[in-house]
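# A closer look at the structure
Single-letter residue listing:
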Amino acid sequence: MSSKLHFFLILSVTCALLQISTAGDPDILTDFIPPPAFLGPPGGNYFTFTGMRSLVGGPFPATFRVLKATMMEFPALNGQSVSYAVLQFPNGTVNPPHTHPRASELLFVLMGSLQVGFVDTTNKLFTQTLQEGDIFVFPKGLVHFQFNGDATNPALALSAFGSASPGTVKVPSAVFNTTIDDQVLALSFKTDVATIQKLKSGLSG
C-alpha cells in the first residue's frame, strides 16, 4: 500500500471517528438561532433564563420535583447542544426509571445523598451511592433512576445534558399509561390481565 493511500485511509477513519464522537444536536452555521421575527431582535433577556429563581429561598417541595431549562423552556438553547435540570428529592422519594433518548446526563449532587443506577443493553445494572460533591454520568438512551433513601434528609442535584432537547421517556408511564393492549402487557410481563390493570390503576392517579 502506498504511503499516500495509507495517509488518506487514516485521515478518512479519523474524520469518521470525529463525526461519531461529536454526534448530537445538529451544528448551526450562525452564532445562535435568533427568535422569530415577530419577537424582534434578541437582547440580553433572550439569553437569560429566570425559571430557577423559585429555588432561591423557596420551600423544599413535598414530592419529587424537576425544574428544567431545555429548549422548550429556554428557546435560546436552540442549536447550543446543552440544557439543565434541577432535581429536588424530599426524603424517601424517587425519580423513577426513565431514559433520555437524545442525550447523556451528568448528575452533580449538591445536597444530601442519592442512590443512582443505570442498566446497559446487556441488562447489567451499574449502581452507586453518591454524596455531596459527587458526579455520575448516565449514558445516552439507557434506562436509569435516582433515589433518596435517606429517611430524614432531602437531596438536591443538578443535571447537565448534551442536548438542548434531551427528551424524557418515563418507563412506567410509557408502558402502563399508554394504549398498549393489556393482553400484550400480560404476556410480556408473564402475568395476567388483572395484574396489569391493577398496575395501570395505580399509575393513573
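Residues numbered from 1 in each chain as written. Predicted model: local features only at pLDDT ≥ 70, side-chain atom pairs only at ≥ 80, totals over all residues. Heavy atoms only, no water.

### Let's talk about the side chain of histidine 144
Here histidine 144 shows up in strand S8 (residues 143–147). Residue classification places histidine 144 among the buried residues on the basis of a relative accessible area of 1%. For histidine 144, the side chain forms a polar contact with the main-chain oxygen of leucine 142, separated by 2.9 Å. Every residue in contact with histidine 144, bar those within four places of it in the chain, is listed here: Pro96, Pro97, His98, Thr99, His100, Glu105, Gly117, Phe118 and Phe138. (Helix = DSSP H or I, 4+ residues; strand = E, 2+ residues; numbered from the N terminus. Buried < 20%, exposed > 50% of the residue type's maximum accessible area, 1.4 Å probe, protein only. Polar contact = N/O pair within 3.5 Å; in protein donor to acceptor, adjacent residues only side chain to side chain. Contact = heavy atoms within 4.5 Å.)

### Regarding the pairing of S8
Looking along a regular strand, one sees the side chains alternate between the two faces of the sheet. Only one face of S8 is covered, namely the one carrying His144 and Gln146; the face carrying Val143, Phe145 and Phe147 has none of its residues buried. Relative to S8, strand S5 (residues 114–119) runs antiparallel, the two sharing 5 bridges. What sits directly across from valine 119, in S8, is valine 143. (Pairing = 2+ DSSP bridges.)

### Remarks on the UniProt feature "binding site: oxalate" (unreviewed entry) in the chain
Per the UniProt record, "binding site: oxalate" (unreviewed entry) is annotated on Asn95, His100 and Glu105. Taking the annotated residues in turn, Asn95, His100 and Glu105 line the largest pocket. Its location among the elements puts asparagine 95 in strand S3 (residues 94–99). Those residues within four positions of asparagine 95 in sequence are excluded, and the remaining contacts are Phe64, Leu87, Phe89, Phe145 and Gln146. (UniProt positions renumbered as here; feature names shortened; annotations may be inferred. 1 Å grid on protein atoms, 1.4 Å probe; cavity = no way out; pocket = protein on both sides within 12 Å on 5 of 7 lines; lining within 4 Å.)

### A few points about the sheet that holds strand S6 (residues 125–130)
Read from one edge to the other, the open sheet built from 5 strands follows the order S6-S5-S8-S3-S10, with strand pairing classed as antiparallel. Of all the strands in the sheet, the pair left with one neighbour each is S6 and strand S10 (169–170). Pairing between S3 and S10: 2 bridges, direction antiparallel. From the neighbouring strand, threonine 99 faces S10, where its bridge partner is valine 169.

### Quick notes on the sheet that holds strand S4 (residues 105–111)
Here we have 5 strands laid out as an open sheet, ordered S1-S2-S9-S4-S7, and antiparallel in their pairing. One side of each edge strand has no neighbouring strand; the edge strands of this open sheet are strand S1 (65–69) and strand S7 (135–138). Mean inter-strand twist for the sheet, computed between neighbouring axes without regard to direction, equals 20°. By the bridge criterion, 6 bridges tie S4 to strand S9 (residues 155–161) in an arrangement that is antiparallel. By the bridge assignment, valine 109 is partnered in S9 with alanine 157. (Axes fitted to C-alpha atoms, helices over the stretch in contact; angles between N-to-C directions.)

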